[in-house]
Amino acid sequence: MLLSGRFNLRILVLLTCTFGQALSLQAQKSSRSFDSSSAQMASLDREVHADMFFLADDALHGRGSATRDEHLAALFAASQFQSLGLEPGGPAGSFLQKSPLPDPLPERLQHHLAKFEDTSRKETWNAIAILRGSDPNLKNEVILLTAHLDHLGVAATPINGDAIYNGADDDASGTTAVLTLAHLLATGHHPRRTVVFALFGSEEIGGFGARAFLANPPTPLTNIVANLEFEMIGRPDPAVPAGTLWLTGYERSTLGPELAKHGAHLVNDPHPKEQFFQRSDNIALARQGVIAHTVSSFGLHTDYHQPTDELGTIDFTHMTNAIASIVAPIHWLTDTDWKPTWNPGGRPEAHPPTSQQ
Ligand SMILES: [Zn+2]
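Turning our attention to the coordination of the zinc ion. At 1.9 to 2.7 Å from the zinc ion lie its protein donor atoms, namely His-148 (NE2), Asp-170 (OD), Glu-231 (OE) and Glu-231 (OE). With four donor atoms in place around the zinc ion and angles of 49 to 144° between them, the coordination shape is irregular.

Before going further, it helps to examine the confidence of the model for the chain. With 88% of its residues at a pLDDT of at least 70, the chain reaches an overall mean of 91. Contacts for the low-pLDDT stretch residues 1-7, under 50 throughout, to residues beyond four places or in other chains number two contacts.

In this section: the packing of helix H2 (residues 39-55) against helix H5 (residues 168-187). Between two packed helices, the angle of one axis relative to the other and the distance separating the axes together describe the packing. Where H2 contacts H5, the two axes come as close as 9 Å, and the packing angle between them is 140°. It follows that H2 is oblique to H5 by the angle criterion. By crossing handedness, the relation of H2 to H5 is classed as right-handed. From H2, Gln-40, Leu-44, Glu-47, Val-48, Asp-51, Met-52 and Leu-55 reach across to H5, where they touch Ala-168, Ala-172, Ser-173, Thr-175, Thr-176, Leu-179, Thr-180, His-183 and Leu-184. Across the contact of H2 with H5, the residue classes break down as eight nonpolar, six polar and two charged.

Turning to its location among the elements, Glu-87 is positioned in strand E1 (residues 87-88). Spatially, the C-alpha atom of Glu-87 lies 6.4 Å from that of Leu-131, the residues being 44 residues apart in sequence. Ignoring any residue separated from it by four or fewer positions in sequence, one finds Glu-87 in contact with Phe-95, Ile-128, Ala-129, Ile-130 and Arg-132.

Conventions used here
Residues numbered from 1 in each chain as written. Predicted model: local features only at pLDDT ≥ 70, side-chain atom pairs only at ≥ 80, totals over all residues. Heavy atoms only, no water. Donors = N, O, S within 2.8 Å, 3.2 Å for Na, K, Ca; no water. Tetrahedral: all angles 85-135°; square planar, octahedral: opposite > 155°, others 65-115°. pLDDT = per-residue confidence, 0-100. Contact = heavy atoms within 4.5 Å. Axes fitted to C-alpha atoms, helices over the stretch in contact; angles between N-to-C directions. Helix = DSSP H or I, 4+ residues; strand = E, 2+ residues; numbered from the N terminus. Parallel < 35°, antiparallel > 145°, perpendicular 65-115°, else oblique. Left-handed = near helix turned anticlockwise from the far one by under 90°. Nonpolar A, V, L, I, M, F, W, Y, C, P; charged D, E, K, R; others polar.

Here it is, written out as structure tokens:
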């Protein structure tokens, strides 16, 4: 049925617009999702291996908290962030945030550190970078992606002849996740919200890096819409389906279920008795009101906090697939104006119970 000339033109314009919009939406969608069969996957896999082989090598001496080796790991991360053209998130235009440790260290900590090599621990290092959002309003909202750089370092007495706590799973794997996500977000579809990438020092000795970040954040804490900390994603957890990650405190806020709705292979933490929600850097942020959870696939393996947490134990296929699976949901989170909220009783106390201080 032909209608009048002017009418045809309007329909034509309408059709073109919607088709054009559909096309660009499709293009955008494809640049947000992750084509696991593509060269993109191969390059991600190379990058995961490269980062892990550096961070968990014996030469980094287990990235001891607040040691020279933690500083080296922070420098490595800072150089990666700089090479991606990200903005520095530390003081004075630096990608590094250095902060002094208490001097003297608390007695309980000195006692703990007696099991490790006697080395200088005066300051700790964070590496922080910013990918500024493209939307005039949403760029004031921040998605914070974190992990911890440090691990236990070198034992005072070797265990079965091995003194280096390489920390391949804990937490070179999480650090690698943040570095590779920074690469994918910085070179892919530009997010509407701002993304801050932060790698903390001294998580293993009480979270001094995360505390320094909270004391001098690169953005007001109230602007942080959500924090995902990546911890121990180097090996699959037999307690959950293959290819799945779990989120600590999943029931505490609306973040986990919503990410799962948008394609994340994310389920509830299958080890509630371990209280992992309180045992990583996310807790310091959550106590300040930030919706902050940890993503992991730690299956309580026996290499935890042992010198045997080596590269050879890492399941690189699982790890690369795990990172790939979270790209599209994170893209969604950095583009939406949806905000997660605490469920009733979900937000932790502002201060830890005295027994944990
Ligand atoms: Zn850890």
